[in-house]
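# Structure at a glance
Next come the chains, spelled out residue by residue.
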Amino acid sequence: MTARFIPISRRTPFGAIAAACAAMALGGPAAANTWPEKSVTLVVPYSAGGPTDVVARLLAVPMGQSLGQTVVVENTVGAGGTLAPARIVRSKPDGYTILIHHMGMATAPALYKKLPYDPLKDFEYIGQVLDVPMTLLSRKDFPANTFPELLDYVKKNQDKVSLANAGVGAVSQLCGMLFMHQVGVKLTTVPYKGAGPAMNDLMGGQVDLLCDQTTQTAPVIQDGKRAKVFGVTTPQRLASMPNIPTLDEQGLKGFDVKVWHGMYAPKGTPKDVIEKLNKALNVAIKDENVKKRIAELSSDLVSPDKATPEGLRKHLAAEVARWDKVIKAAGVSAE
């Protein structure tokens, strides 16, 4: 840390000097006023090139410009996306190590019996970032051609229908779980090591169904030759795919799965630092290049009222409660 000197006069109370020194030593208000003095590390729980990593790297540039320091993206991969949050919990609460994570922050408490952190107690919240919709697909030669036909078929043949996902805790698994929960069926789930292999086997006809992010499925849907699409998982149709109806409007009332992302800091990070990080996040989601690239991924940046610490806190709490019921009803565990 760069040394800073406190001007002292004969009228300066000793207690005020001590308080100022303590504030700087502990990263309090005096330190926050000059923050940041070095680069900020943005930790991603998944591998480079994946959807969350792409978002992080898009945001890093304008955030860094706003902060006046470089924002460096680091990938801390493993344990279903729980290693990165655990790293943040152990990090010094000075704002120099922060996290971007998707809805896995809300599902982990129900999936892991011995989670090394509490999403609702062990973090400071910076704000929500964006929502990535999902779509429900089938192999090209699947017997059903419409969503009503699909519902009828899976109810009559649930023991014969396979549902792929990208692994335990992946959003594709969670979407599939919610689908089975609302339809009232138990399909044969087939976990893969990533969305890519799952999509390849769907297109190859080895599995029947897959629910996954538009960042993965949009190219397949647009060519119309390798799979069938039955609907999108958000309450509203997508501007980029207006002809594809939602699952909600086709009968699954209230079906809403978006791969939402939020940004977090270690518990105890000074309020002034959180405010600066939040300001930088809001600058980033208003950046024209960021907006353009996110739209190309068929995703939506959040509104300003959600890109706040309180907006993220409320949304996370609601999502933890929601997915706790779904995951426990499905009897699924990551351990």
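Heads up: the structure comes first, above all this text.
Note that the structure is a prediction, hence the values are computed from the model and not measured.

Now for unusual backbone geometry. With omega at 0°, the peptide bond leading from Trp 35 into Pro 36 counts as cis. The residue Pro 36 is located in the loop between helix H2 (29-34) and strand S1 (40-44) in this model.

Right, let's talk about the side chain of Arg 139 for a bit. With respect to the secondary-structure elements, Arg 139 resides in strand S6 (residues 134-139). There is a polar contact of 2.7 Å between the side chain of Arg 139 and the side chain of Asp 141. If we ignore the near neighbours within four places in the chain, the residues touching Arg 139 are Leu 202, Gly 205, Val 207, Asp 208, Ala 227 and Lys 228.

In this section: the nonpolar core. Within the largest apolar cluster, 85 residues are counted, with the highest numbers of intra-cluster contacts made by Leu 59, Leu 150, Phe 179 and Met 263. Broken down by element, the residue count for this core peaks at eight residues, all from helix H7 (residues 171-183). In contact with Met 263, other than residues within four places in its own chain, are Leu 42, Leu 59, Met 63, Ile 98, Leu 99, Ile 100, Tyr 125, Ile 126, Gly 127, Val 129, Leu 281 and Leu 312.

Glancing now at the packing of aromatic side chains. Counted under the stated rule, the structure contains five aromatic pairs. For the pair Trp 35 and Tyr 96, a centre-to-centre distance of 5.5 Å together with 45° between the ring planes defines the contact as tilted. Placement of the pair is Trp 35 in the loop between H2 and S1 and Tyr 96 in the loop between helix H4 (83-90) and strand S3 (97-101), with a sequence separation of 61 residues. Classification of Trp 35 as buried rests on a relative accessible area of 5%. The class for Tyr 96 is buried, based on a relative accessible area of 11%. Arranged with centres 5.2 Å apart and planes meeting at 75°, the rings of Phe 142 and Tyr 153 form a pair that is edge-to-face. In this pair, Phe 142 is assigned in the loop between S6 and helix H6 (147-156) and Tyr 153 in helix H6, connecting sequence segments eleven residues apart. Since its relative accessible area comes to 26%, Tyr 153 is described here as partly exposed. Members of the aromatic cluster, connected to one another through ring pairs, are Tyr 117, Phe 123, Tyr 125 and Tyr 264. Above the ring of Tyr 96, the side-chain terminus of Lys 38 is found at 4.7 Å from the ring centroid.

If you want to describe how two helices pack, look at the angle between their axes and the distance between the axes. Across the interface, helix H3 (residues 51-67) lies against helix H11 (residues 288-296) with an axial gap of 9 Å and an inter-helix angle of 165°. Between H3 and H11, the angle is such that the two are roughly antiparallel. The two elements H3 and H11 meet at a crossing, and its hand is right-handed. On H11, the residues touching Val 54, Val 55, Leu 58, Leu 59 and Pro 62 of H3 are Asn 289, Val 290, Arg 293 and Ile 294. In the contact of H3 with H11, the residues fall into seven nonpolar, one polar and one charged.

Time to look at the state of the cysteines. Tallied over the entire structure, the rule returns one disulfide. Here Cys 175 pairs with Cys 211 through a disulfide, and the sulfurs are 1.9 Å apart. Measuring handedness by torsion sign, the sulfur bridge of Cys 175 and Cys 211 sits at about 55° and is right-handed. Here Cys 175, found in helix H7, pairs with Cys 211, found in strand S9 (residues 209-213); they are 36 residues apart in sequence, far enough to count as distant. This pair shows no difference in class: Cys 175 is buried, exactly as Cys 211 is.

About the criteria used
- Residues numbered from 1 in each chain as written.
- Predicted model: local features only at pLDDT ≥ 70, side-chain atom pairs only at ≥ 80, totals over all residues.
- Heavy atoms only, no water.
- Helix = DSSP H or I, 4+ residues; strand = E, 2+ residues; numbered from the N terminus.
- Polar contact = N/O pair within 3.5 Å; in protein donor to acceptor, adjacent residues only side chain to side chain.
- Contact = heavy atoms within 4.5 Å.
- Core = buried A, V, L, I, M, F, W, Y, C linked by side-chain atoms within 4.5 Å.
- Buried < 20%, exposed > 50% of the residue type's maximum accessible area, 1.4 Å probe, protein only.
- Phe/Tyr/Trp six-rings, centres within 6.5 Å; stacked < 30°, edge-to-face > 60°.
- Lys NZ or Arg CZ within 6 Å of the ring centre and 35° of its normal.
- Axes fitted to C-alpha atoms, helices over the stretch in contact; angles between N-to-C directions.
- Parallel < 35°, antiparallel > 145°, perpendicular 65-115°, else oblique.
- Left-handed = near helix turned anticlockwise from the far one by under 90°.
- Nonpolar A, V, L, I, M, F, W, Y, C, P; charged D, E, K, R; others polar.
- Disulfide = S-S within 2.5 Å.

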